[in-house]
Amino acid sequence: MTQTSASTPIPVAAVYRAAEATAPRAAKHTGETLGLYALLAPTFLLLACFSLVPFVIAIATSFLDYEVGGEPKFVGLSNYVEYLHDYTFLESFRNLLFLTTFQVVAVMVMPLIVAKLIFSLSSERASYIYRIIFLFPIVVPHVAGYLIWRGLIYGEDGLLNHLLNGVGLGHLARAWFSDPHTVLWAIAFIGFPFASGINILIYYAGLTAIPESVHEAAELDGASGVRKFLLVDVPLVLSQIKLLVMLTIIGVIQGFEGVYILTSGGPGFRSMVPGLWMYQNAFDFQRMGYACAIGVILFLIILGLTILNLRYFRSAEQLQGQT
């Protein structure tokens, strides 16, 4: 058998024929790719106009001493230094830490338990009905919910004080939002029992994704009830827990409307949070540069926590991959 030498030149005609054969495929692929980019372009354009550009402007404004109607003046890092020495700084971040921790624990426990109870129902129809029932409250505007809790539940003549009086604990009744010792707890318990419809559905979706063979193997090994829930279900919904924990942290850090409606940061600054202080400086005191500096600090905190969450909080898929 004659072997072709490694130095034998490749015919030029064969190269041209190969190039002509691959050119239509490459052109077709490029055309499809450009078409997809064209479809995505409006979304990226709107995102840039309404999210990225304002974000860049806010960062630039944070280095200015800028009041609405006044002349902007470059002050460098003065706004950041001033906020670090602000009399509300430690108090507001202490309140934020308390509310964030409370909400993270709540979102990791109550919605997951309710989702597991619904998932364990033998009737698919009953499971569907309960999912719809728990989803109903999301149609109620948050402002309406806050007003209901403030007036009908936590008010001086509200439901909570009536219940305390009814069981002989009237000495514990008080104006919950006016007492410095109870205001943060009252805000934290808004939404009790924390069985939010969206959170329940996310956990329910994670539970339904667990293969039936896993449950059967756990039962064969003697795991059942609470033990199976803790050792099998919880590790396999870590992806959902990771998602909801991060969304909860971002929501609490960014959110201030609840505190604004319920207490406006009072009594004194006992319920002040950084987001509310940012809002008040921007729209009450007209200090836009200072408010933007607070916003940038909150962004950096959220960014850091997101990186830590993605790096050190393992999902169910990562645990399965290691196994």
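Note that this is a predicted model, so its numbers are computed, not measured.

Counted by the stated rule, this structure contains 26 aromatic pairs. Pairing phenylalanine 63 with tyrosine 80 gives two aromatic rings, centres 5.8 Å apart and planes at 50°, and the pair type is tilted. Within this pair, whereas phenylalanine 63 is found in the loop between helix H1 (12-61) and strand S1 (64-65), its partner tyrosine 80 is found in helix H2 (residues 78-84), the two being separated by 17 residues in sequence. The exposure class of tyrosine 80 is buried, given its relative accessible area of 14%. The interplanar angle of 65° and the centroid separation of 5.0 Å between the aromatic rings of phenylalanine 102 and phenylalanine 189 together place this pair among those described as edge-to-face. Of this pair, phenylalanine 102 sits in helix H3 (residues 89-119) while phenylalanine 189 sits in the loop between helix H7 (183-188) and helix H8 (197-208), and the two are 87 residues apart along the sequence.

The tally for this structure, following the rule as stated, stands at 1 cavity of 30 Å³ or more. The space that makes up the largest cavity amounts to roughly 40 Å³. Lining the largest cavity are Leu64, Asp65, Tyr66, Glu67, Asn79, Arg287, Met288, Gly289 and Tyr290. Contributing elements (two or more residues each) for the lining of the largest cavity: S1 and helix H14 (288-312). Looking at the lining of the largest cavity, the element that brings in the most residues is H14, giving 3 residues. Across the lining of the largest cavity, the residue classes tally to 4 nonpolar, 2 polar and 3 charged.

Bringing a nonpolar patch on the surface into the picture now. A grouping of Leu121, Tyr128, Ile129, Tyr130, Ile132, Ile133 and Phe136 is seen on the molecular surface, where their side chains present a nonpolar patch of about 660 Å² in accessible area. By the secondary structure assignment, leucine 121 is in the loop between H3 and helix H4 (124-135). For leucine 121, a relative accessible area of 35% translates into the label partly exposed.

With that settled, the discussion passes to the packing of H4 against H8. Here H4 crosses H8 at 145°, and the two axes come no closer than 8 Å. Viewed along their axes, H4 and H8 form a crossing whose handedness is left-handed. For the pair formed by H4 and H8, the contact residues are Glu124, Ser127, Arg131, Phe134 and Leu135 on the first element and Gly197, Ile198, Ile200, Leu201 and Tyr204 on the second.

In this section: H8. An ideal rise of 1.5 Å per residue puts 16 Å on 12 residues; H8 measures up with 16 Å between its terminal C-alpha atoms. For H8, the full list of buried residues reads Gly197, Asn199, Ile200, Tyr203, Tyr204, Gly206 and Leu207. The inward-facing, buried residues of H8 contact H3, H4, helix H10 (225-236) and helix H11 (238-254).

Estimated volume of the largest pocket: approximately 1400 Å³. Lining the largest pocket are 40 residues, and of these Gln103, His142, Tyr146, Ile190 and Gly191 lie nearest its centre. Among the secondary structure elements, those contributing two or more residues to the lining of the largest pocket are H3, helix H5 (142-153), H7, H8, H11 and helix H12 (257-262). Here the element with the most residues in the lining of the largest pocket is H3; it accounts for 6 residues. Looking at side-chain class alone, the lining of the largest pocket contains 28 nonpolar, 11 polar and 1 charged residues. The space that makes up the second largest pocket amounts to roughly 320 Å³. Looking at the second largest pocket, it is lined by 15 residues, and the ones nearest its centre are Phe55, Gln254, Gly295, Leu298 and Phe299. Counting residues per element, the ones that place at least two in the lining of the second largest pocket are H1, H11, helix H13 (274-283) and H14. Top element by residues in the lining of the second largest pocket is H14. It accounts for 6 residues. Looking at side-chain class alone, the lining of the second largest pocket contains 11 nonpolar, 4 polar and no charged residues.

Quick notes on the rules
Residues numbered from 1 in each chain as written. Predicted model: local features only at pLDDT ≥ 70, side-chain atom pairs only at ≥ 80, totals over all residues. Heavy atoms only, no water. Phe/Tyr/Trp six-rings, centres within 6.5 Å; stacked < 30°, edge-to-face > 60°. Helix = DSSP H or I, 4+ residues; strand = E, 2+ residues; numbered from the N terminus. Buried < 20%, exposed > 50% of the residue type's maximum accessible area, 1.4 Å probe, protein only. 1 Å grid on protein atoms, 1.4 Å probe; cavity = no way out; pocket = protein on both sides within 12 Å on 5 of 7 lines; lining within 4 Å. Points joined across faces, edges and corners; volume = space filled by probe spheres on them. Nonpolar A, V, L, I, M, F, W, Y, C, P; charged D, E, K, R; others polar. Patch = residues over 30% accessible without salt bridge, like charges linked within 9 Å, V, L, I, M, F, W, Y side chains within 5 Å. Areas by Shrake-Rupley, 256 points an atom, 1.4 Å probe, with all protein chains shown as cover. Salt bridge = Lys/Arg side-chain N within 4 Å of Asp/Glu carboxyl O. Axes fitted to C-alpha atoms, helices over the stretch in contact; angles between N-to-C directions. Left-handed = near helix turned anticlockwise from the far one by under 90°. Contact = heavy atoms within 4.5 Å. Expected span 1.5 Å × (residues − 1).

Bear in mind that shape data such as this cannot, by itself, settle questions of function.
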